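This is what each chain is made of:
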Amino acid sequence: MAEELSYTTEPAPKPTARDELEGLIETLSESGTLRALQGFTGQFAGVSGAALEHLTGPAGRRLIGSVALLAEVLSNVPAEKLEGVASGFGKGTERASEMLGKEPPGTLQVLKLARDPDVRRAMASILIILKSIGEGLGEGDRSRGQQDGIATSL
Amino acid sequence: MIGEAGHFTGAPKPVLRKSIDLVKYAETFTGLGPLFATSKAEAAMRDETIKRTKTVCTYCGVGCAFEVWTKGRHILKVQPHKDAPANGISTCVKGKFGWDFVNSDERLVNPIIRRDGKFDMVEWDEALEYTAKRLRAIVDEHGPDSVAFISSSKITNEECYLVQKLARAVFGTNNVDNCARYCQSPASKGLSRTVGYGADAGSMDDITKAELVFIVGSNTAVSHPVLAARIKRQVKVHGQRLIVSDLRSHEMADRAQIFLQPNPGTDLVWINAVAKYILDQGWEDRDFIERRVKDLEKYRDSLQKFTLEFAAARTGLTKETLKQVAKEIASAKTVCGLWAMGVTQHMGGTDCCTAISNLLLLTGNFGKPGTGAYPLRGHNNVQGSCDFGALYNYLPGYASVGSDEARKPFEDAWGMKLPSAKGLNNKTMIDAIEEGTLKALYVVGEELALVDSNARRVQEQLEKLEFFAVQEIFFSTTARFADVVLPGTPSLEKEGTFVNTERRVQLLNEALPPLKGCRPDWKILRDLARHLGHDWNYESPSDIMDEVAGIVPEFAGIRYDRLKGYNSLCWPVDKDGNDTPLLYEEKFHTADGKAAFFPVDFAEPVNQPDEEYPQHLNNGRVLEHFHEGNMTFRVKGCVEKIHEAFVEMNPADANEQGLEEGDWVEVRSPFGKVTTQIVVSDSLRSGELYMPICSTEQRVNHLTSTKADPVVDTPAYKEMSASVKKLGRRSASPIPKSNPRNGKPTPLRSVRVEDKWRRDDYHDPETSRPDGGNV
Ligand code: SF4
């Protein structure tokens, strides 16, 4: 005689972060990434030492400084303004490469090219950029002079 | 599923929005190239974490095959594939989205044993030892026939084979059955009486090839949606003729050139009348009958009473309609007859199935492409449950238990003598509990406390068992009466094979590991046999299939390596792997290779409407839920479409009783009552009611009777009368606005791709069909 009985099921444990971690470890292992990582971490001191040695040398410092400066300058320039210059540069490089191995153009041909409105527009842009660079360099000199002054006064 | 697939698709909305804006901004400078490259890289990363597994749908008998994509235990999506033999790139809403139940919090995750008026969680060893001991003790005291087993049409062939082997080889009883008893056993019998195999005569390709299809008692568009889609296409695009007979007008009826709405329970009458008219006109296929069918004269005599006048009076159809149907069937070169539970769940279910088979024989519609009889199997593996021997009268491959010759290969393979007397079936098991001769029952995944007719009586009997074990994935209503409940696994967590309605054997692979604490059902059965002292050493389901293939000639060539990918085999399959999508091309599956007409008479339906219960009560499926709904009511999307059963009523009847959509009513029958809501529907005629069989609480089987077809004991679910009483409360309609029933299908004849194909400038694409898409 078995009378009707109720029963509340215990929910099965949901997959935890630990389960996902296990999955990740397995994937890393199967793909070989884990082995590479192991090699890297095993040699961490050596690898990082070598990397730092390069980065703290004069060339490394220049690289870090230039990248940071470039990033700062680029972050101030709206991308759409750079687009025209960048795409023109790309196309120009392509066309210029077509001239590789050919006879260089004669002086007259160069002069003729210089009368092309697109060339004139580009040259004007370059000259404006050069002017700005010059101004920048001048400002750099002035500010360095001031800094030197401060340093001197200290 | 949403938000699970990609590495960033689960990001919080504001983050996701900003990321999208950033990408859009960057795209104007970078172009699409780098974005596509990033996307491809992400797709490759997804590939690494997403597992794609080919499986077979767990719901209906169409047997759609597809890939299921999973990430950990998350089920990401179902992706059909052009190579899937039954469905190609199609699925229905259940196969596509109906999988939440797999990760439901209500899954059973440990065995439980009834002790001191409650269920205790126990370890597997203890549960299996306890079950073995109790069953053994009962058999020792009362003999082998005091225990019985019910297999499931949701489990695999290999598991069904083990259930019947457990009954026969371990306990020595043929008391084993499955839910085909509730649905298509009459069809199996009707076909075995006439043509041999109790199975579909051909494949779904044959159905689509047929010049004419007639469907009796099946709302195929909701019960077998993908097959229905194929038929609808043939009708719409290729001019296939369609005749539908049903009590309700439904989507298939709307598409039919001829729609018959006979009086309830009278299909046999119009079928026999059509057959008689064909014979009277001399329209039968004489050549086919002379060569291949016996007993025409006996059949002709049996039809004498089925005149057009008699049929018109009894069915309510006009004589003209009957003549038109006869002419259509006799003149079509190829005809397929399809039917489902509207035919089988009657007192005369077996005879009606036989009548359909007779009619197809009369018109020469067996054994050639585009012809045959097609009882549409309801569950995904109800065909396999029967094929692999979960039957009280047949061993696997339909070897009769009473035949020494048929039993011998099994006795040789299993090394023991097997019982030769027929056992108990689902119905007689309940009777035997009532009589006190059946003491113990072992049920695998069958919700008989709800799906058997007159469910309250079944529940009362289950309470009387000395020992009751249930293998289930949820704590079902049936499990409430159990002494021990063993947690099995759903189809996504196991390997094995299913047989769909076309006898097609397909392989399903394990998409997810079994939920912790659960075991695939074949392992539970194997381990139980071991606890009972039998050395069952199957290491995988393919070991089981190899054993079956070694014994049953029909399955001799079924091997897992032949079922890889989307390969499939329609049994009979010879040793070399040649299968038989179309049966009876040369001969019928009978002793002399000939089919036989089997005369059948009409039996008046029972439980007819009277003064107290003035309306006929019909029942059936809805698209969004499967059967009683134990799985689909645990799927959020399906519940949003329909959250509970209801009763449909004709507008005139509703008006007369002062009822409106959403009104709460009490539906009463001589066997019980349920409280439910009214849906007003003009798909029914006045005097008829309809309730879906799916429900969380208000079960139509609280209203059905114990009356059953006397030949095969299938309950007469469709023969019931009821009354409706207004309760004076109203809620929103149980069918929400978002349900497709409230939609309007686009009345396009087709998208007319043929016109495009005919154009001079059209070229076939390099790959002929889409492969189902990529990540
Ligand atoms: S329920 Fe049937 S039609 Fe729908 S996907 Fe599953 S097998 Fe196909």
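Counting restarts for each chain, with residues numbered from 1 along the sequence as it is written. Key to labels: chains lettered from A, ligands numbered from 1, both in the order written. Under the rules for a predicted model, residues below a pLDDT of 70 receive no local features and side-chain atom pairs below 80 are neither given nor counted, while totals for whole chains, interfaces and linings still include all residues. In computing side-chain properties, one takes all heavy atoms of the structure into account and sets aside hydrogens as well as water.

### Topic: empty space enclosed by the protein
Residues and elements named next belong to chain B. The condition is simple: With a 1 Å grid laid over protein atoms only, a set of points is called a cavity when a 1.4 Å probe fits there but cannot get out and a pocket when it is open yet has protein on both sides within 12 Å along at least five of seven lines; lining residues have an atom within 4 Å of a point. Grid points are joined across faces, edges and corners, and a volume is the space filled by probe spheres set on the points. By definition, any uninterrupted DSSP run of H or I lasting at least four residues is a helix, any uninterrupted run of E lasting at least two residues is a strand, and each is numbered from the N terminus. Note that Gly is not counted as nonpolar here; it falls among the polar residues with everything else outside the nonpolar set of Ala, Val, Leu, Ile, Met, Phe, Trp, Tyr, Cys and Pro and the charged set of Asp, Glu, Lys and Arg. Those domain boundaries reflect an automatic or database domain assignment.
Taken as a whole and judged by the stated rule, the model has five cavities of 30 Å³ or more. If you add up the space inside the largest cavity, you get close to 550 Å³. Looking at the largest cavity, it is lined by 40 residues, and the ones nearest its centre are Met341, Gly342, Asn619, Gly620 and Lys718. For the lining of the largest cavity, the secondary structure elements donating two or more residues are α16 (341-344), α21 (448-451) and β23 (615-620). The element contributing the most residues to the lining of the largest cavity is β23, with four residues. Broken down by class, the residue content of the lining of the largest cavity amounts to 14 nonpolar, 19 polar and seven charged. Its volume calculated, the second largest cavity comes out at about 380 Å³. Ser152, Lys154, Gly445, Glu472 and Met631 are, among the 26 residues lining the second largest cavity, the residues nearest its centre. Considering only residue class, the lining of the second largest cavity consists of eight nonpolar, eleven polar and seven charged. Residue contributions to the lining of the second largest cavity reach at least three from each of two domains, namely domain 2 (112-182 + 381-501 + 515-554) and domain 4 (615-742).

### Re the confidence of the model for chain A
Note that predicted coordinates carrying low pLDDT should not be read in detail. All names here are of chain A. The cut-off we apply is this: Each residue carries a pLDDT value, the predictor's own confidence for that position, ranging from 0 to 100. It only takes one pair of heavy atoms within 4.5 Å for two residues to be counted as in contact.
Averaged over chain A, the pLDDT score is 75; the fraction of residues at 70 or greater is 87%. Per-element mean pLDDT across chain A ranges from 68 in helix α7 (residues 117-153) up to 82 in helix α6 (residues 107-114). Ignoring residues within four places in sequence, the model shows residues 148-154, a span with pLDDT below 50, making zero contacts including any to other chains.

### Looking at the site of the ligand
How we decide: Nearness is defined per residue: one heavy atom within 4 Å of the molecule or strand is enough.
Taken together, Cys57(B), Tyr59(B), Cys60(B), Gly63(B), Cys64(B), Cys92(B), Lys94(B), Gly95(B), Pro225(B) and Val226(B) make up the full set of residues near the ligand. A class-by-class count of the residues in the shell around the ligand yields seven nonpolar, two polar and one charged.

### Digging into the domain arrangement of chain B
Residue and element names in this part refer to chain B. So the rule is basically this: Accessible area that two parts lose when put together, with a 1.4 Å probe and added across both, is what the buried area reports. We define a salt bridge as a side-chain nitrogen of Lys or Arg found within 4 Å of a carboxyl oxygen belonging to Asp or Glu. N or O atoms within 3.5 Å of each other form a polar contact, as long as, within protein, one can give a hydrogen and the other can take it, and as long as residues adjacent in sequence are counted only when both atoms are side-chain atoms.
Under the domain assignment, chain B is made up of domain 1 (13-103), domain 2 (112-182 + 381-501 + 515-554), domain 3 (185-375) and domain 4 (615-742). Using only C-alpha atoms to locate each centre, domain 1 and domain 2 end up separated by 38 Å. On the domain 2 side, the residues contacting the 15 residues of domain 1 number eleven residues. Buried area between domain 1 and domain 2, both sides added, is near 1000 Å², and the carbon and sulfur share of it is 62%. Between domain 1 and domain 2 we count one salt bridge in total. Put simply, Glu493 and Arg73 hold a salt bridge, and the shortest N to O gap is 2.6 Å. On inspection of domain 1 and its partner domain 2, the count reaches five residue pairs in polar contact (both at pLDDT 80 or more). Its residues assigned to classes, the side of domain 1 that touches domain 2 shows ten nonpolar, four polar and one charged.

### Description of unusual backbone geometry
Here the bond from Trp571(B) into Pro572(B) is cis, since omega is 0°, no more than 30 degrees from zero. One can find Pro572(B) in the loop between β21 (569-570) and β22 (595-596).

### What to know about the pairing of strand β17 (residues 467-472) of chain B
All names here are of chain B. To keep things clear, this is the line we draw: In this scheme, a residue with accessible area under 20% of its type's maximum is buried, one over 50% is exposed, and one in between is partly exposed, where area comes from a 1.4 Å probe on protein chains only. For two strands to be treated as a pair, DSSP must find no fewer than two bridges joining them.
Burial within β17 is extensive, with six of its six residues counted as buried. Neither face of β17 is left uncovered, since the one carrying Phe467, Ala469 and Gln471 and the one carrying Phe468, Val470 and Glu472 both have all their residues buried. Note that β17 and strand β18 (residues 484-487) share four bridges and pair parallel. If you follow Val470 over to β18, its bridge partner there is Val485.

### A few points about the environment of Asp301(B)
Inspection of the secondary structure puts Asp301(B) in helix α13 (residues 296-302). Considering only alpha carbons, one finds Asp301(B) and Thr131(B), 170 residues apart in sequence, at a separation of 56 Å.

### A look at the side chain of Thr676(B)
Here Thr676(B) is to be found in strand β26 (residues 672-680). Sequence-distant contacts of Thr676(B), defined by excluding residues within four places in its chain, comprise Ala645(B), Phe646(B), Val647(B), Asp663(B), Trp664(B), Val665(B), Val667(B), Met691(B) and Gln698(B).

### Structural notes on the nonpolar core
Residue and element names in this part refer to chain B. Note the following rule: Definition of nonpolar core: a set of buried residues of the types Ala, Val, Leu, Ile, Met, Phe, Trp, Tyr and Cys, connected through side-chain atoms within 4.5 Å.
Grouped together as the largest cluster of nonpolar side chains are 118 residues, with contacts concentrated most on Leu166, Phe214, Phe366 and Tyr442. For this core, the element with the most residues is helix α11 (residues 267-281), which contributes ten residues. When residues of this core are sorted by domain, at least three fall in each of domain 2 (112-182 + 381-501 + 515-554) and domain 3 (185-375). Ignoring sequence-local partners within four residues, the contact set of Phe366 consists of Val195, Ala201, Phe288, Arg292, Ser357, Leu360, Leu361, Thr371, Gly372, Ala373, Tyr584 and Phe588.

### Comments concerning the pairing of strand β27 (residues 688-692) of chain B
Residues and elements named next belong to chain B. Among the five residues of β27, five are classified as buried, and the element is accordingly described as predominantly covered. Alternating residues of β27 divide into Glu688, Tyr690 and Pro692 and Leu689 and Met691, and every residue in both groups is buried. Inspection of the sheet shows β23 paired to β27 by five bridges, in the parallel sense. Pairing of Leu617 across the sheet is with Leu689, part of β27. Sheet topology note: the strand β24 (residues 647-649)/β27 ladder contains two bridges and is antiparallel.

### What to know about the sheet that holds strand β12 (residues 335-339) of chain B
Strand pairing in a sheet is mediated by backbone hydrogen bonds. Such pairs are either parallel or antiparallel. Residues and elements named next belong to chain B. To keep it simple, the criterion reads: Angles shown run from 0 to 180 degrees and are taken between the N-to-C directions of axes, each axis being a line fitted to C-alpha atoms and, for helices, limited to the stretch in contact.
Overall, parallel pairing links the five strands, which are arranged β10-β9-β8-β12-β13 in an open sheet. Taken across any chain shown, the strands that pair with only one partner, and hence form the sheet edges, are β10 (258-260) and β13 (372-375). Adjacent strand axes in the sheet meet at a mean angle of 15°, parallel and antiparallel pairs treated alike. Direction of pairing for strand β8 (residues 212-216) relative to strand β9 (residues 241-245): parallel, over a ladder of five bridges. In the strand pairing of β9, Leu212 is matched with Arg241.

### Observations regarding the packing of aromatic side chains
Residue and element names in this part refer to chain B. Keep this limit in mind: The rule is short: rings of Phe, Tyr and Trp, with Trp giving its six-membered ring, pair when the centres are within 6.5 Å, and they are stacked under 30 degrees, edge-to-face over 60, tilted in between.
Applying the stated criterion to the full structure yields 28 aromatic pairs over all chains. Both rings, one in Tyr59 and one in Phe101, keep their centres 6.5 Å apart while their planes meet at 70°; by these two values the pair is edge-to-face. Taken together, the positions of Tyr59 in the loop between β1 (51-56) and β2 (65-71) and Phe101 in the loop between α3 (93-97) and β4 (112-115) put the pair 42 residues apart, joining distant regions of the chain. Linked through ring pairs, Tyr197, Phe288, Phe366, Phe388, Tyr394, Tyr398, Phe555, Trp571, Tyr584 and Phe588 together constitute an aromatic cluster.

### Remarks on the side chain of Ser223(B)
Residues and elements named next belong to chain B. Structurally, Ser223 can be placed in helix α8 (residues 220-223). Relative accessible area serves as the criterion here: at 9%, Ser223 is assigned to the buried category. Only 3.0 Å separates the side chain of Ser223 from the side chain of His224, close enough to count as a polar contact. Those residues within four positions of Ser223 in sequence are excluded, and the remaining contacts are Cys60, Ser218 and Arg621.

### As for the packing of α11(B) against helix α14 (residues 308-315) of chain B
All names here are of chain B. The condition that has to hold: Note on angle classes: values under 35 degrees are labelled roughly parallel, values over 145 roughly antiparallel, values of 65 to 115 roughly perpendicular, and the remainder oblique. Left-handed is the label given to a crossing in which the near helix is rotated counterclockwise from the far helix by less than a right angle, and right-handed is the label when the rotation is clockwise.
Closest axis-to-axis distance for the α11/α14 pair is 9 Å, and the angle between their directions is 160°. Taken together, the axes of α11 and α14 are roughly antiparallel relative to one another. Here the hand of the crossing between α11 and α14 comes out left-handed. Counting all contacts with α11, which are made through Val269, Trp270, Ala273 and Tyr277, the residues of α14 involved are Leu308, Phe310, Ala311, Arg314 and Thr315. For the contact of α11 with α14, the residue count by class is seven nonpolar, one polar and one charged.

### Side note on the confidence of the model for chain B
For chain B, the mean per-residue pLDDT works out to 94, and 98% of the residues sit at or above 70. Interface predicted TM-score (ipTM) for the complex: 0.72; the corresponding pTM is 0.85.

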